[in-house]
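# Notes for the structure review
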Amino acid sequence: MLELKNINVTAQNGDNRIQILKNINLRLEEKKIYVMTGPNGGGKSSIAKTIMGIYRPDSGKIILDGEDITDKSITERARMGIGYAFQQPPRFKGLQVKELLSLAANGENITGEPCDLLYDVGLCTQDYLDREVNTSLSGGELKRIEIATLLARKLRVAVFDEPEAGIDLWSFQKLTETFERIHENSDTTLVIISHQERIVRLAHQVIVVSDGTISEITSQEKILADVKQFDSDCRCRRDCLKEELASAECDR
Ligand SMILES: Nc1ncnc2c1ncn2[C@@H]1O[C@H](COP(=O)(O)OP(=O)(O)OP(=O)(O)O)[C@@H](O)[C@H]1O
Ligand SMILES: [Mg+2]
């Protein structure tokens, strides 16, 4: 289990220090799928980066299976089985896709053949294994290759940051099936940051993050009902506005 206890994170913004995460408390159990969602700028990626050790909390603790990992580096956390697929993945000039996959798996422990890993993210392997992870890859291709690097590892906690971003419909379908399969075949805690209904439907729990805090931890049913209600409220307000405009036109 991964626990975040009273986590506060600040960052430098010009001359000021701003608080980007405020008193975050989370308990993420093994073999569960958590979908993190909420408005842009709410703090989802910052929580992911804090779990990975990219952002260091000013206060609070991070505990992995009873062990305090708050002061552990990114590399140590990676060795302990925490993985993070970035919202905007980095490129590695001079490195081939097959080398990146093998490095990700640490040369050992690889959970599948590189061909299978790429197939799982909807990439035709022959075309990609020898490609360089440089600017010649499209955004969607790069995103899928990075997801494959996480699939290559045996992870205790895997965090995917908007895996759907830039990914076509066919690959998206494959990706959701892959998440389901990881869940069935392993004890990995899956945290998927997403705005997609299809991904929300995979969740055991939905974590809503806004304004640097966890505003709600709820079920997929409740979130999907809220979205439906929001849409119907918007439609109602639009229709009222149209009626008002039409009657103002009549009065003139
Ligand atoms: N290193 C940083 N320095 C300054 N501000 C930061 C830093 N990292 C995050 N922020 C700010 O913290 C807030 C939360 O950012 P974060 O990237 O976590 O949001 P998000 O929920 O992932 O948004 P999105 O849905 O757009 O990806 C934003 O206002 C962002 O500008
Ligand atoms: Mg983000």
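If you're wondering where the values come from, they're calculated on a predicted model, not measured in any experiment.

## Notes on the overall build of the protein chain
Across its full length, the protein chain holds 9 helices and 12 strands. Across its three principal axes, the protein chain shows a C-alpha extent of roughly 75 × 45 × 40 Å. Going through the 252 residues of the protein chain one by one, you find that 44% of them count as buried. Across the protein chain, contacts joining residues at least 24 apart in sequence account for 65% of those joining residues at least 6 apart. As presented, the protein chain carries roughly 13,400 Å² of accessible surface, and 48% of it is formed by carbon and sulfur atoms. Each charge sign in the protein chain was given a centre, from 33 positive and 40 negative side chains, and these centres are 2 Å apart.

## Let's talk about the site of ligand 1
What surrounds ligand 1 is a group of 16 residues, the closest being Gly-41, Gly-43, Lys-44, Ser-46 and Tyr-55. Gly-42 has a polar backbone atom sitting 3.2 Å from an oxygen atom of ligand 1. The side chain of Tyr-55 places a nitrogen or oxygen atom 2.8 Å from a nitrogen atom of ligand 1. Protein contacts shield 67% of the accessible area of ligand 1, which totals 640 Å² for the unbound molecule. Where the shell around ligand 1 is concerned, the elements lending two or more residues are β1 (2-13), β2 (16-28) and α1 (44-52). Per-element accounting of the shell around ligand 1 gives the leading share, 3 residues, to α1.

## A few points about the domain arrangement of the protein chain
Partitioning the protein chain into domains gives domain 1 (2-218) and domain 2 (220-252). Taking only C-alpha atoms, the centre of domain 1 and the centre of domain 2 are 37 Å apart. Contact between domain 1 and domain 2 buries roughly 600 Å² in total, counting both sides, with carbon and sulfur atoms accounting for 60%. Broken down residue by residue, the surface that domain 1 buries against domain 2 is led by Val-200, Arg-201 and Thr-218, which jointly contribute 54%. One can count 1 salt bridge joining domain 1 with domain 2. Glu-216 is the partner of Lys-222 in a salt bridge, and the nearest nitrogen-oxygen pair spans 2.8 Å. Connecting domain 1 to domain 2 are 3 residue pairs in polar contact (both at pLDDT 80 or more). Secondary-structure elements contributing two or more residues to the side of domain 1 that touches domain 2 are α8 (197-200), β11 (205-210) and β12 (213-218). Looking at the side of domain 1 that touches domain 2 residue by residue, the classes come out as 5 nonpolar, 1 polar and 3 charged.

## Things to note about the packing of helix α3 (residues 97-104) against helix α6 (residues 139-151)
Following both chains from N to C, one finds α3 and α6 inclined at 35°, their axes separated by 8 Å at the closest point. Crossing hand, α3 versus α6: right-handed. Across from Val-97, Leu-100, Leu-101 and Ala-104 in α3, the residues of α6 making contact are Ile-145, Ala-148 and Thr-149.

## Concerning the sheet that holds strand β3 (residues 33-37)
Here 6 strands make up an open sheet; going across it, the order is β6-β9-β10-β3-β11-β12 and the pairing mixed. Because the sheet does not close on itself, it has two edges, and the strands there are β6 (82-85) and β12. Going from strand to strand, the sheet's axes swing by 20° on average, the running direction of each strand aside. As defined by bridge partners, β3 adjoins strand β10 (residues 189-193) across 4 bridges and the pair is classed as parallel. Paired with Ile-33 across the bridge in β10 is Leu-190. Across the face of the sheet, α1 comes into contact with β3, β6, β9 (157-161), β10, β11 and β12 while running at roughly 145° to β6.

## Here's the deal with the pairing of β6
Along β6, one buried face is formed by Ile-82 and Tyr-84 and the opposite face, lined by Gly-83 and Ala-85, is buried too. Sheet topology note: the β6/β9 ladder contains 4 bridges and is parallel. Bridge pairing links Ala-85 to Phe-160 in β9.

## Digging into the sheet that holds strand β5 (residues 67-68)
Strand order in the open sheet made by the 4 strands is β2-β1-β4-β5, with antiparallel pairing throughout. Strand pairing shows two members of the sheet lacking a second neighbour, β2 and β5, which therefore form its edges. Sheet topology places β1 next to β2; 9 bridges connect them, and they run antiparallel. Among the inter-strand pairings, Gln-12 is bridged to a residue of β2, identified as Arg-17.

About the cut-offs
Residues numbered from 1 in each chain as written. Chains lettered and ligands numbered in written order. Predicted model: local features only at pLDDT ≥ 70, side-chain atom pairs only at ≥ 80, totals over all residues. Heavy atoms only, no water. Helix = DSSP H or I, 4+ residues; strand = E, 2+ residues; numbered from the N terminus. Buried < 20%, exposed > 50% of the residue type's maximum accessible area, 1.4 Å probe, protein only. Contact = heavy atoms within 4.5 Å. Areas by Shrake-Rupley, 256 points an atom, 1.4 Å probe, with all protein chains shown as cover. Lys, Arg positive; Asp, Glu negative; His and termini not counted. Charge placed at Lys NZ, Arg CZ, Asp CG, Glu CD. Near = heavy atom within 4 Å. Polar contact = N/O pair within 3.5 Å; in protein donor to acceptor, adjacent residues only side chain to side chain. Domains from an automatic or database assignment. Buried area = accessible area lost by both parts, 1.4 Å probe. Salt bridge = Lys/Arg side-chain N within 4 Å of Asp/Glu carboxyl O. Nonpolar A, V, L, I, M, F, W, Y, C, P; charged D, E, K, R; others polar. Axes fitted to C-alpha atoms, helices over the stretch in contact; angles between N-to-C directions. Left-handed = near helix turned anticlockwise from the far one by under 90°. Pairing = 2+ DSSP bridges.

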